[in-house]
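# Summary of structural features
So the chains spell out like this:
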Amino acid sequence: MAQSIHDFHDDPRNAHIRIWINGQLKPRAEATVSVFDSGFVLGDGVWEGLRVVSGQPVFLDEHLDRLFEGAKAIAMDIGLDRAGLERAIRETLAANDMHDGVHLRLMVTRGVKRTPYQDPRVTVGPATVVIIPEFKMAKPETLATGLTLFTVHVRRGYPDVQDPKLNSHSKLNCITACVQAYTAGADEALMLDPHGFVATCNSTHFFIVRKGEVWTSTGDYCLGGITRANVLRVCREAGIPCFEKNFTLAQAYSAEEAFTTGTFAGVVPVKSIDGRVIGDGTPGPMVARLQGLYRELVQRDVMLRGAERLA
């Protein structure tokens with residue numbers, strides 16, 4: 001998922017990056033798509049955000065799984081297979097001499113339309129594939145002190161309205177939630193499901209810790225988060241009780257700890273929700289432990305992917 005504007009420092013090196021667009025590497029100032037592109041006209045497309053560590057796109061297989069599942073769900077031909085997308089990613093990283101501290105956005109839209117109309121049959125070209133790499137790291141103070149959340153009126157809806165499992169370019173409900181949160185002075189929006197249970201945040205996933213147990217939502221009304229799944233994985237591997245379940249705001253307010261997860265920053269503590277201080281307002285022992293376990297999992301993936309490339 002995406003990151004909050006409060007989470008990173010702008011890096012001046014990004015002014016000189018080259019961006020991959022349909023097989024061509026363009027300087028940032030020249031990296032453009034048509035005003036008739038399906039993504040611009042309608043938000044018709046899917047995307048992934050990836051971290052790069054030691055030259056390796058972390059958890060790439062899981063990200064490509066989600067990208068291709070989303071493309072199939074909206075009947076869109078990406079035009080490249082998995083190997084082709086990985087080559088494009090690595091070509092982009094090599095062209096920019098990028099190895100660490102990199103966040104990469106892979107975006108695919110249905111392509112250029114002959115007229116601005118929603119019917120996919122007026123698309124006249126192949127899919128538009130864009131890869132934007134940036135030097136971007138989470139602020140150490142964010143990881144050390146935590147985020148503030150605000151519960152917004154915008155809900156995560158039913159899959160028959162807009163399936164939250166689709167990582168689509170159409171993010172207006174999350175944007176509206178984000179606007180309400182920062183207008184209220186918070187870093188991120190906490191969103192409920194249609195039944196009033198806690199679902200997720202506008203750009204990250206949400207967890208609480210109660211009596212040594214780690215809780216997150218059922219997942220019915222949120223994106224299938226890769227970092228979310230990996231945190232649940234490391235909990236199970238470490239013997240930490242973890243549950244995907246319904247819980248309420250009252251239970252979140254009274255949690256001993258809370259945190260968010262996302263590809264960009266990993267595991268980030270939450271210090272308050274709607275003005276209620278979580279625990280003593282500082283990152284707790286479970287968050288610290290999970291940050292360490294998640295870093296170890298990232299390194300395992302990096303080593304495995306590096307070994308596969310050498311084989």
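Look a little higher up for the structure.
Here we summarise the structure given alongside this text. Small disclaimer: the values here were computed from a predicted structure and weren't measured.

Procedures and definitions
Residues numbered from 1 in each chain as written. Predicted model: local features only at pLDDT ≥ 70, side-chain atom pairs only at ≥ 80, totals over all residues. Heavy atoms only, no water. Helix = DSSP H or I, 4+ residues; strand = E, 2+ residues; numbered from the N terminus. Contact = heavy atoms within 4.5 Å. Areas by Shrake-Rupley, 256 points an atom, 1.4 Å probe, with all protein chains shown as cover. Patch = residues over 30% accessible without salt bridge, like charges linked within 9 Å, V, L, I, M, F, W, Y side chains within 5 Å. Salt bridge = Lys/Arg side-chain N within 4 Å of Asp/Glu carboxyl O. Buried < 20%, exposed > 50% of the residue type's maximum accessible area, 1.4 Å probe, protein only. Pairing = 2+ DSSP bridges. Axes fitted to C-alpha atoms, helices over the stretch in contact; angles between N-to-C directions. Disulfide = S-S within 2.5 Å.

## A look at the overall build of the chain
- The secondary structure content of the chain amounts to nine helices and 15 strands.
- In terms of overall dimensions, the chain has C-alpha extents of about 55 × 45 × 35 Å along its principal axes.
- Of the contacts formed within the chain by residues at least 6 apart in sequence, a portion of 72% connects residues at least 24 apart.
- A total accessible area of about 14300 Å² is found for the chain, and carbon and sulfur atoms account for 55% of it.

## Remarks on a nonpolar patch on the surface
- There is a patch of nonpolar side chains on the surface, built from Leu172, Ile175, Val179 and Tyr182 and spanning about 410 Å² of accessible area.
- Using a relative accessible area of 48% as the deciding quantity, one classes Ile175 as partly exposed.

## Here we look at the pairing of strand E10 (residues 205-210)
- Extensive coverage of E10 is indicated by the burial of five of its six residues.
- For E10 and strand E13 (residues 257-262), the ladder comprises five bridges, and the chain directions are antiparallel. The residue bridging His205 from the neighbouring strand is Thr261, located in E13.
- Bridging between E10 and strand E11 (residues 213-216) involves four bridges; their strand directions are antiparallel. Looking at the pairing, Val209 lines up with Val214 of E11.
- Taken together, E10 and the strand that follows it, E11, pair antiparallel across an intervening segment of two residues, in which Lys211 is found at a positive phi of about 50°.

## So, the sheet that holds strand E6 (residues 128-135)
- The six strands lie next to each other as E2-E1-E6-E5-E3-E4, forming an open sheet whose pairing is antiparallel. With partners counted over all chains shown, the strands left at the sheet margins are strand E2 (24-27) and strand E4 (56-57), one partner each.
- Looking at chain direction, strand E1 (residues 18-21) and E6 are connected through two bridges and run antiparallel. Residue Ile21 lies in a different strand from E6, and its bridge partner there is Val130.
- Taken strand by strand, helix H2 (residues 60-73) contacts strand E3 (45-53), E4 and strand E5 (102-109), and its axis lies near 175° from that of E3.

## A look at the pattern of salt bridges
- Summed over the entire model, instances satisfying the criterion amount to 15 salt bridges.
- Look at the salt bridges and you will find they share partners, linking Asp61, Asp65, Arg82, Glu86, Arg90 and Arg305 into a network.

## Some details on the state of the cysteines
- The full count for this structure, using the stated rule, is zero disulfides.
- Not part of a disulfide, Cys235 finds its nearest cysteine sulfur in Cys242, a span of 4.7 Å.

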